[in-house]
Amino acid sequence: MTLGSLWRCAMVAGLAWAISAPAAAAQATAPSNPGANAGAATTATAPASITSNAGNAGAPAKSGATPASAAPTQDKGDTTSKPKRPTVRPSGVRNSLNPETLPGGGIQLQGVPGGSLPWSIVILLTGLTLIPSLLLCVTPFARLLIVFHFLRQALGLQTTPSNQTLIGLSLILTFFLMQPVGTQIYNDAVVPMQAGQITTTEALQRGEVPMRKFMEHYVRDKDVALFVDLAKEPRPATLDDVSMRVLLPAYIVSELKAGFQIGTVLFLPFLIVDMVVASITTSVGMLQLPPVVISTPLKLLLFLMVDGWHLLIGSLMRSFS
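Residues numbered from 1 in each chain as written. Predicted model: local features only at pLDDT ≥ 70, side-chain atom pairs only at ≥ 80, totals over all residues. Heavy atoms only, no water.

Student: Run through the overall build of the chain, naming residues and quoting values.
Tutor: Tallying secondary structure elements over the chain gives twelve helices and zero strands in all. Sequence-ordered secondary structure for the chain, helices as α and strands as β, is α-α-α-α-α-α-α-α-α-α-α-α. A burial count over the chain gives 26% of its 321 residues as buried. Considering only intrachain contacts with a sequence separation of at least 6, the fraction spanning at least 24 residues in the chain is 66%. Only carbon and sulfur atoms are counted for the fraction: they give 67% of the accessible area of the chain, which is about 21800 Å². (Helix = DSSP H or I, 4+ residues; strand = E, 2+ residues; numbered from the N terminus. Buried < 20%, exposed > 50% of the residue type's maximum accessible area, 1.4 Å probe, protein only. Contact = heavy atoms within 4.5 Å. Areas by Shrake-Rupley, 256 points an atom, 1.4 Å probe, with all protein chains shown as cover.)

Here you go:
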């Protein structure tokens, strides 16, 4: 390779470096604004084009000459560099997905001071799981259901009426008996709490009074004395001084005893029918015939002739008067 070829290669490499170096420097130091980047890039390439023209033609550049694309590009960068207007959200619009926009960090329940909606839902769902137990402990449901099951066994029927029918009948009669108590609790406790006049604790204390009066009327003193002794509490002067810890178990035990007493009395007439039928079939030698086959229709006829449902439910309702 001759000296002239080496000189030409060096000149080409120098020109290439002169063109690429300013553009790379301008791109590294350019601001984030796209318009400014465009203006800077155009300005940076201007000397390269002038140098290229000078090296190519060798003619002197005219004084005052300015590249045509430099000024418009710089103006375009100025127009795009204007600050953006902030997005203003109307004051009436509230972000429902952000809990911080809600007053107090949550939705306040009426009548429950200081309680947010999630905790109130947890407490409510927990209370719903305890409703069946409370229904058995503070209402006549247990006594009614026990009597109806005794009646089905006394009639010799296994699945008629079904369990759902007996439970539904017991629930309806329980609602009939507890409706005055529920109305009093609603008027004395629930309505003031919803109006914000009393707190939840005061509402519970007011709702406890009608329930105590109902349970105290049917609880036995013997059962109360038993649980007072088991709880190691001082002997109360009256039933009004008994705590709910003692009154609740004493009431459910009293209801179980009353239900078994009524069921036993109800069972005796049908037991007599079974005994008479069994003795007759045995005396005539009908040993292969089960006595229940004959006694069941006779017991049903006896129950229908005396209008058993009317008498039974009427007696149960009068026992709670």
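There is more to say after this.
Student: Could you give me a rundown of the packing of helix H10 (residues 244-283) against helix H11 (residues 291-305), with the residues and numbers involved?
Tutor: Orientation of H10 relative to H11, taken along the N-to-C sense of each, is 140°, at an axis distance of 9 Å. On the basis of the axis angle, H10 is oblique to H11. In the crossing of H10 with H11, the sense of the turn from one axis to the other is right-handed. Of the residues in H11, those in contact with Phe 270, Val 273, Asp 274, Val 277, Ala 278 and Thr 281 of H10 are Pro 291, Ile 294, Ser 295, Leu 298, Lys 299, Leu 302 and Phe 303. Within the contact of H10 with H11, the residues separate by chemical class into nine nonpolar, two polar and two charged. (Axes fitted to C-alpha atoms, helices over the stretch in contact; angles between N-to-C directions. Parallel < 35°, antiparallel > 145°, perpendicular 65-115°, else oblique. Left-handed = near helix turned anticlockwise from the far one by under 90°. Nonpolar A, V, L, I, M, F, W, Y, C, P; charged D, E, K, R; others polar.)

Student: Report on a nonpolar patch on the surface, specifying residues and quantitative values.
Tutor: On the surface, a nonpolar cluster with roughly 580 Å² of combined accessible area is contributed by Leu 298, Leu 301, Leu 302, Met 305, Val 306 and Leu 311. In terms of residues, the nonpolar patch owes the most to one element, H11, which gives four residues. Structurally, the position occupied by Leu 301 is in helix H11. The exposure class of Leu 301 is exposed, given its relative accessible area of 51%. (Patch = residues over 30% accessible without salt bridge, like charges linked within 9 Å, V, L, I, M, F, W, Y side chains within 5 Å. Salt bridge = Lys/Arg side-chain N within 4 Å of Asp/Glu carboxyl O.)

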